[in-house]
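Residue-level structure breakdown
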Amino acid sequence: MKFYEIPENLTQEIDLFDQQIGEYQEGKMDQVKFKGVRVAHGIYEQRKPKTHMVRIRCASGGVTPEQLRKVSQLAQKYGSGEVHVTTRQEMQLHYVDLENVITVYEELISVGLSPRGGGGNTVRNVLASYDSGVSRDEVFDVSPYAVALTSRMISEKDSWNLPRKFKIAFSNNDTDTSRAAVTCLGFIAKERDGQLGFKVYCAGGQGSKPLLGQVLFDFVTEDKVYAISKAIKIMFDKYGNRRQRSKAKLKFLWDKLGKDDFLKKFHEEYKEYENRKELNLVLEPILNSSEVKKNHEAIKVEGEEFDLWKKRYTKPQKQEGLYMIEVPLNLGDIEGPDGEKIADELENFGSNILRFSVDQNFHIRNIPEMYLGNIYKLVDSITSLSKDPKMFAPMIACTGADTCKLGICLPRGVTPQIQDILRKSDLDLDALSDVKIHISGCPNTCGCHHVADLGFFGKVMRKGKDMMPGYNILAGAISDEGQTRFAIKVDEVAAKDLPLFVKTFLGRYLEKKHKYQYFHEYIDAEGQDDIHAVCDQFRELPTKDENEKYYFDWGSKDSFSLLKGQKAECSAGMFDMIDVDLKIVKEEVAHFESESEKEAKTQALYRLIFSSSRMLLVTRGIEAKTDEEIFDNFIQHFIRTDLVEEKFTSIVLVAKEKKMDELLDRYEEVLDLSQAVKALHKSMDDSLRFLDKEGNILGQSYNAKKEESVAQKDTGSKADQFKDLRGVGCPINFVKVKITMASMKKGETLLIWLDDGSPVENVPRSVSQEGHAVLSLDKEDDHWAVLIQKA
Amino acid sequence: MNFEMDLNEEQIERYSRHILLQDVGLEGQIKINESKVLLIGAGGLGAPIAMYLAAAGVGTIGLVDADNVDLSNLQRQIIHFTEDIGVPKVDSSEKKIKSINPDVSVVKIKEFADAQNIREMIRGWDFVIDGTDTFGIKFLVNDACVLEKKPFSHGGILRFAGQTMTVLPNTSACYRCVFLKPPPANAVPTCSQAGVLGAIAGMLGTIQAAEALKFITEVGDLLTDRLLSFDAKTMKFREVAFSKNPECGVCGENASIKELEDIVAPVCDLK
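Residues numbered from 1 in each chain as written. Chains lettered and ligands numbered in written order. Predicted model: local features only at pLDDT ≥ 70, side-chain atom pairs only at ≥ 80, totals over all residues.

Some remarks on the overall build of chain A
The condition is simple: Secondary structure follows DSSP: runs of H or I at least 4 residues long count as helices, runs of E at least 2 residues long count as strands, and numbering of each begins at the N terminus. Once C-beta atoms are placed from the backbone, each residue is buried if 20 or more other C-beta atoms lie within 10 Å of its own, exposed if 12 or fewer, and partly exposed for counts between those two. What counts as a contact is two residues whose backbone-derived C-beta atoms lie within 7 Å of each other.
Of regular secondary structure, chain A possesses 22 helices and 24 strands. Split into buried and exposed, the 791 residues of chain A put 48% on the buried side. Pairs at least 24 residues apart make up 67% of the contacts formed inside chain A by residues separated by at least 6 positions.

Structure below.
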């Protein structure tokens, strides 16, 4: 069996890709353009130079033993040796050399697998509930829809160049195990008046701004899956925000258009496809039955361990006598030889036998009861996790700062610590199998913390001048169609204390668990208070001198730093740092007012100036080490640039020169300064620019390099249109300029970004030759910003 | 109007060299993509014309020809290949057009144009190109286009020479304004006796294709009120100016031709 059909044109695309890799290696294609090419093929560059990650599509999480064997072999031959299971039911190979990418690609195709659309702005892997087709509680099997829709979508050219990624999911019942209610387009199986169909959600998503999906159809018959998917895709393609990557996902389109307009535009497209029966998906039922090879011997296993395993990890299917088995993986990893071993054994049971789940585990299905011993032996030989209580199986941790440029913390470092402390504790872990713990290293939800029972995402914490790794604590997500909600942010804890926090808090929950049916009910009733109470135990943080360990993340040998050796890519960490000072400002104002001691009041005022000065330095890429540096930089970057009034220079200098006696007399100036900085912070937009009431950008009057780039972004915001043409070669870049200008009115402006070299040498000249005005031409980091006015 | 929606990435790349032309640009390309051009004759002239118009992305190309491909065609009718011998010319042409540019729609009319069907045939097209090879039919195409007010390009080749003009009915001189009436039978050699240098078909056909594209995109000055002729032996080009002839039988002040009739003329067996 196959979980999707490889489209015929893929071979040509691979030939082209092969050629493009060659061009890139010979230096004929620049890096930016090549990135665009390879990412859409599911090939991501990793931090280790010249190595790549290959993400392989597995529609509905399905893979055959033959396919798993091939991928496992490829992992050993060309990759890091292991197969990684993702939270979107796919497989990934890591650290593949660029020269082997095409070989890997072709080998994958030979077994009916493709990485096309693994990444980039494409139709991504289509999910289906891992137990679809075998669950006793399902409405009907949704996986044939995921499979057929995948085959259709990957054969359509318009699937590969969308404004942003497009994720589709199918759930077989209201427990929504594929998270259809929080994705771009989600289908949840329903039955109405004897008819099978779906409730359809769209424009949901996780990420740093999680949004629940919106109801597109309360009920629609099952034959409309393609028409809906196609209409959403076309609409996304037409109206999605291509200009601003951070606002490009479908969920932002709903925001931008508003419900009525979104639905109107959707129905305009939908009506074109709604009744075109010839386009309906060709569904192939997926048969779930026992297909044990003749003569395959059943292994009989007995004993307490086996029984416990059976209780924890196996479940009877709706097909009488057949079982499904969950196999927990350590953070989604399967060692290559283990993958082959799994394939060898499972091949005895047929090809429809394996599913990956969104919690990065795999599920074996269609096993007759008498063969459970065989599976037990198999699982036992590849993981020790299956001896653990089930609560460890669904733990998710993103890769974090060790490989990800965005990361703040290291979830993969802290996860084993949590497991370890729980294993050693006397808590009844089997009673905790309803608590799913998910951890992300930063506010981006690669670790799915928003859909966790207990979720964490990395943040920066501070003690005095020093930063340490910490985690925000979230709790109480609900995944149940109609009631779905994200986890609520409750409190925060230092990374060092996280394992102990988890243990202590879960201990409290166990004591009260009997009162509640669901964990989220406990969270709503008293769980949040308990979290605060436990956090209180860890509230007092040691200074670096008192306990240095707090300043190292789990699994890291280096002391914690956000900006170390690179540009501050993670704006999230930046906002944390700002928040720290905002909080101090608030507290010190209160201190100043409540303290009676002269000395205490003076200290409060000093700290006020200090934090006010430091608060926004990070937005200018400055990490000042000493008090003096902080004051100097504040004067240079905020007062001299007129962001903050000139009159405050004097009071900042008083602090810098530590003339503490003067502070008390001039307390009003100090309070005014903190007000001024707070107001400035309030005027800051998402791009870290400060705007006046009319929306004009403030503070560009001095000549530092950083400011130049801000000024250019300024031009961008004022231009009527924007086109990022980096990575687009001559003459197509000019073609695109012409196309954009064709729809512009006379006098309107267009800002373009161009690569250095022949693009910037040619395009502006061509624009002038056609009579348009080139208003400005500025070098900005690795590219040029050109502002054009239509003649 | 959002032009970007009209062309996909692949089309933008395919037509980039048109879009780059200041006078064509995206607007011009979209006009081309939306245009409909009818070729009467899929032979020596029709071949290069159809291929260039297909490559340019003309939305719909109509082909009128009832013949099958013959071995003697292949010397100049470059849209047909050796393996197409015996295949209807419209089918052979369609295959090549689609292969050059799948965006193009082809309307095949496997008939010879005559007085009965031609007016109906040319209705609904934006521009007509005369790629026929006998005087009689050339007058028929001219008269039909004038009566239907259909802009068209006249073209003719013989031996080493070619001539062409573009006609905007009632605005510019028509073919009949210049030549009045077909020459008497036997006054000109039949084509098979005369022969033709294959490349002449390409030289003239591409001029006609260029005129069609200029008309569609409204760029430049059309070859109206002028007859362009050349002799490849000396490779000299000549242009003779004409104006509308008040005495013209079809567009003159007292035009007598209101209905079409087939004109008996030397039949050309050089298809």
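Points about the overall build of chain B
From N to C terminus, chain B includes 10 helices and 8 strands. Across the 271 residues that make up chain B, the buried fraction comes to 45%.

What about the packing of helix H1 (residues 10-25) of chain A against helix H4 (residues 101-110) of chain A?
Residues and elements named next belong to chain A. Applicable threshold: In this analysis an axis means a line fitted to C-alpha atoms, helices contributing only their contacting stretch, and an angle means the value between N-to-C directions, from 0 to 180 degrees. Angular relationships are summarised with four words: roughly parallel below 35 degrees, roughly antiparallel beyond 145, roughly perpendicular across 65 to 115, and oblique for the angles in between. Amino acids are sorted into nonpolar (Ala, Val, Leu, Ile, Met, Phe, Trp, Tyr, Cys and Pro), charged (Asp, Glu, Lys and Arg) and polar (every other residue, Gly among them).
The interhelical angle for the contact between H1 and H4, taken along N-to-C directions, is 170°, at an axis separation of 10 Å. Here H4 runs roughly antiparallel to H1, going by the angle between their axes. In this structure, H1 uses Leu10, Ile14, Phe17, Asp18 and Ile21 to contact H4, whose residues at the interface are Val101, Ile102, Tyr105, Glu106 and Ile109. Classifying every residue of the contact of H1 with H4 by side-chain character gives 8 nonpolar, no polar and 2 charged.

Details of the confidence of the model for chain A
Residue and element names in this part refer to chain A. To keep things clear, this is the line we draw: Every residue gets a pLDDT, meaning the predictor's confidence in that residue, from 0 to 100.
Of all residues in chain A, 91% attain a pLDDT of 70 or more, and the chain-wide mean is 85. Note that pLDDT drops below 50 for residues 563-572; the model gives that stretch 17 contacts with residues more than four away or on any other chain. Low pLDDT (under 50) marks residues 700-716, which in the prediction has 26 contacts with non-local residues, meaning those over four places away or in another chain.

Structural notes on the interface of chain B and chain A
Counting residues at the interface gives 15 residues for chain B and 12 residues for chain A. Those elements giving two or more residues to the side of chain B that touches chain A turn out to be helix H1 (9-14), helix H2 (16-19) and helix H3 (25-33) of chain B.

Regarding the packing of helix H21 (residues 732-742) of chain A against H3(B)
Running from N to C, H21(A) and H3(B) point in directions that differ by 85°, and their axes come no closer than 8 Å. Relative to H3(B), the element H21(A) is oriented roughly perpendicular. Here H21(A) contributes A:Lys738, A:Ile739 and A:Ala742 to the contact with H3(B), which in turn contributes B:Gly25, B:Leu26 and B:Glu27. Looking at the contact of H21(A) with H3(B) residue by residue, the classes come out as 3 nonpolar, 1 polar and 2 charged.

Thoughts on unusual backbone geometry
Residue A:Gln89 is not a glycine yet carries a positive backbone phi of 60°. By the element assignment, A:Gln89 lies in the loop between strand S4 (82-85) and strand S5 (91-97). Overall, A:Gln89 belongs to the buried group, with 29 C-beta atoms counted inside 10 Å. One non-glycine residue, B:Glu218, lies in the positive phi region at around 55°. In this fold, B:Glu218 is placed in the loop between helix H10 (198-217) and strand S7 (226-231).

Re the sheet that holds strand S14 (residues 354-356) of chain A
As a general point, the strands of a sheet are linked pairwise by backbone hydrogen bonds and lie either parallel or antiparallel. All names here are of chain A. Quick reminder of the rule: Note: two strands are recorded as paired if DSSP finds a minimum of 2 bridges between them.
Spatially, the 5 strands line up as an open sheet ordered S3-S14-S15-S12-S11, and their pairing is antiparallel. Of all the strands in the sheet, just strand S3 (62-63) and strand S11 (314-316) have a single pairing partner and so form its edges. Taken together, the 5 bridges between strand S12 (residues 322-327) and strand S15 (residues 362-368) define a ladder with antiparallel strand orientation. Across the sheet, the residue bridging to Glu326 is His363, located in S15.

Things to note about the confidence of the model for chain B
All names here are of chain B. Residues at a pLDDT of 70 or more form 91% of chain B, whose mean pLDDT is 89. Considering only residues more than four positions removed or in separate chains, one finds that residues 1-5, a stretch of pLDDT under 50, has 11 contacts. Long-range and interchain partners of residues 265-271, a stretch whose pLDDT sits below 50, account for 24 contacts in this model, where long-range means more than four residues apart.

Here we look at helix H19 (residues 667-682) of chain A
Residue and element names in this part refer to chain A. Here is the rule: In this scheme, a helix's expected span is set at 1.5 Å multiplied by one less than its residue total. Taking the helix axis as origin, the arc is that swept by the directions to the C-beta atoms.
Here H19 is 16 residues long and its end C-alpha atoms lie 23 Å apart, about the 22 Å a rise of 1.5 Å per residue gives. Val670, Leu673, Ser674 and Val677 are the residues of H19 that are buried. Along H19, the residues classed as buried sweep out an arc of 95° about the axis, all on the same side. For H19, exposure combined with an orientation more than 90 degrees from the buried face picks out Glu668, Ala679 and Lys682.

Quick word on the environment of A:Gly118
Residue and element names in this part refer to chain A. Here Gly118 is to be found in the loop between H4 and strand S6 (123-128). The sequence separation of Gly118 and Arg57 amounts to 61 residues, and the corresponding C-alpha distance is 6.3 Å. With residues near it in sequence (within four places) discarded, Gly118 still touches Gly42, Arg55, Ile56, Arg57 and Glu90.

Some words on the pairing of strand S4 (residues 127-130) of chain B
Residues and elements named next belong to chain B. Side chains of S4 alternate between two faces, with Phe127 and Ile129 and Val128 and Asp130 buried alike. Where strand S1 (residues 36-40) lies against S4, 4 bridges are found, and the strand directions are parallel. Bridging across to S4, Leu39 finds its partner in Ile129. Pairing of S4 with strand S5 (residues 152-158) involves 2 bridges; the strand directions are parallel. Within S5, the position partnered with Val128 by the bridge is Phe152.

Looking at the sheet that holds strand S23 (residues 773-780) of chain A
Residues and elements named next belong to chain A. Spatially, 4 strands are ordered S21-S22-S24-S23 in an open sheet, and the strand pairing comes out mixed. Here the strands that pair on one side only, and so sit at the sheet edges, are strand S21 (721-724) and S23. Across the sheet, the mean angle from the axis of one strand to that of its neighbour is 15°, orientation sign disregarded.

Remarks on helix H9 (residues 336-346) of chain A
Taken residue by residue, H9(A) has A:Gly336, A:Gly339, A:Glu340, A:Ile342, A:Ala343, A:Glu345 and A:Leu346 as its buried positions. Looking at the buried residues of H9(A), the elements they touch are helix H3 (65-78), S4, strand S13 (333-335), S14, S15 and helix H10 (372-382) of chain A.

With respect to the environment of A:Thr64
Residues and elements named next belong to chain A. Turning to its location among the elements, Thr64 is positioned in the loop between S3 and H3. Along the backbone, Thr64 and Asn352 are 288 residues apart, and their C-alpha atoms lie at a distance of 6.4 Å. In contact with Thr64, other than residues within four places in its own chain, are Met1 and Ser351.

Some details on the environment of A:Lys377
Residue and element names in this part refer to chain A. Turning to its location among the elements, Lys377 is positioned in helix H10. Lys377 sits 78 residues away from Ile299 along the chain, and the two C-alpha atoms are 8.5 Å apart. When residues no more than four places from it in sequence are discounted, the contact partners of Lys377 are Ile299 and Val301.

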